[in-house]
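Coordinate analysis (summary)
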Amino acid sequence: MATENRVFTKLVDKHYSPLVIRKYTHYGFPIYIGLITDNDLSDLDKVVVEFMEENKETHWVNDIQKIRNLAGALTEHLNDHYDRAEGVAVVFYVDKMFISSLHGDFMNHTSCRIEFYSLLTMSTGV
């Protein structure tokens, strides 16, 4: 096959993984996790809870930068754990402060961000 007839975009072999949004409320502030992945998410609650418990002492303080760092670290942790993740989003709403950490499709594709934040907006109003 000639090189000029080949398409070199991710869309050609894209799996169209579903978006999942999970809310956690037992930490004193809402946490929303958004994932676009083909991985099995049966262990998602365990992964998030273990991460939050491990970081409880050092990151849950009244310090904006430490909470931002926690959101970023959780995003990286989820991206590392779910090796087929196409997009990872972590959103905290702490003390009247909205923190959003995005990776992959959520950073690169406006349509993914629109879908995520639209569903998030809709779900918080229900």
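That block above? That's the structure.
Notes on the structure in this doc start here. The structure displayed is predicted, hence computed values, not measured ones.

Below, the discussion takes up the pattern of salt bridges. Summed over all chains, the structure comprises 3 salt bridges. The salt bridge involving Lys46 is made with Glu50; its shortest N-O contact spans 3.3 Å. Of this pair, Lys46 and Glu50 both sit in helix 1 (residues 44-54), 4 residues apart, which is roughly one turn of the helix. By relative accessible area, which is 52% here, Lys46 ends up exposed. Linking Glu53 and Lys56 is a salt bridge whose minimum nitrogen-to-oxygen distance equals 3.4 Å.

Taken as a whole and judged by the stated rule, the model has 3 aromatic pairs. Aromatic pair Phe116 and Tyr117: ring centres 5.0 Å apart, planes at 70°, arrangement edge-to-face. By relative accessible area, Tyr117 is classed as partly exposed at 23%. An aromatic cluster of at least three residues, connected via ring pairs, comprises Phe106, Phe116 and Tyr117.

This brings us to the side chain of Ser101. With respect to the helices, strands and loops of the structure, Ser101 is situated in strand 4 (residues 97-104). Within the structure, the side chain of Ser101 is placed 2.8 Å from the side chain of Thr75, a separation counted as a polar contact. Setting aside anything within four residues of it in sequence, one finds Ser101 in contact with Ala71, Gly72, Thr75, Val88, Ala89 and Val90.

Parameters and conventions
Residues numbered from 1 in each chain as written. Predicted model: local features only at pLDDT ≥ 70, side-chain atom pairs only at ≥ 80, totals over all residues. Heavy atoms only, no water. Salt bridge = Lys/Arg side-chain N within 4 Å of Asp/Glu carboxyl O. Helix = DSSP H or I, 4+ residues; strand = E, 2+ residues; numbered from the N terminus. Buried < 20%, exposed > 50% of the residue type's maximum accessible area, 1.4 Å probe, protein only. Phe/Tyr/Trp six-rings, centres within 6.5 Å; stacked < 30°, edge-to-face > 60°. Polar contact = N/O pair within 3.5 Å; in protein donor to acceptor, adjacent residues only side chain to side chain. Contact = heavy atoms within 4.5 Å.

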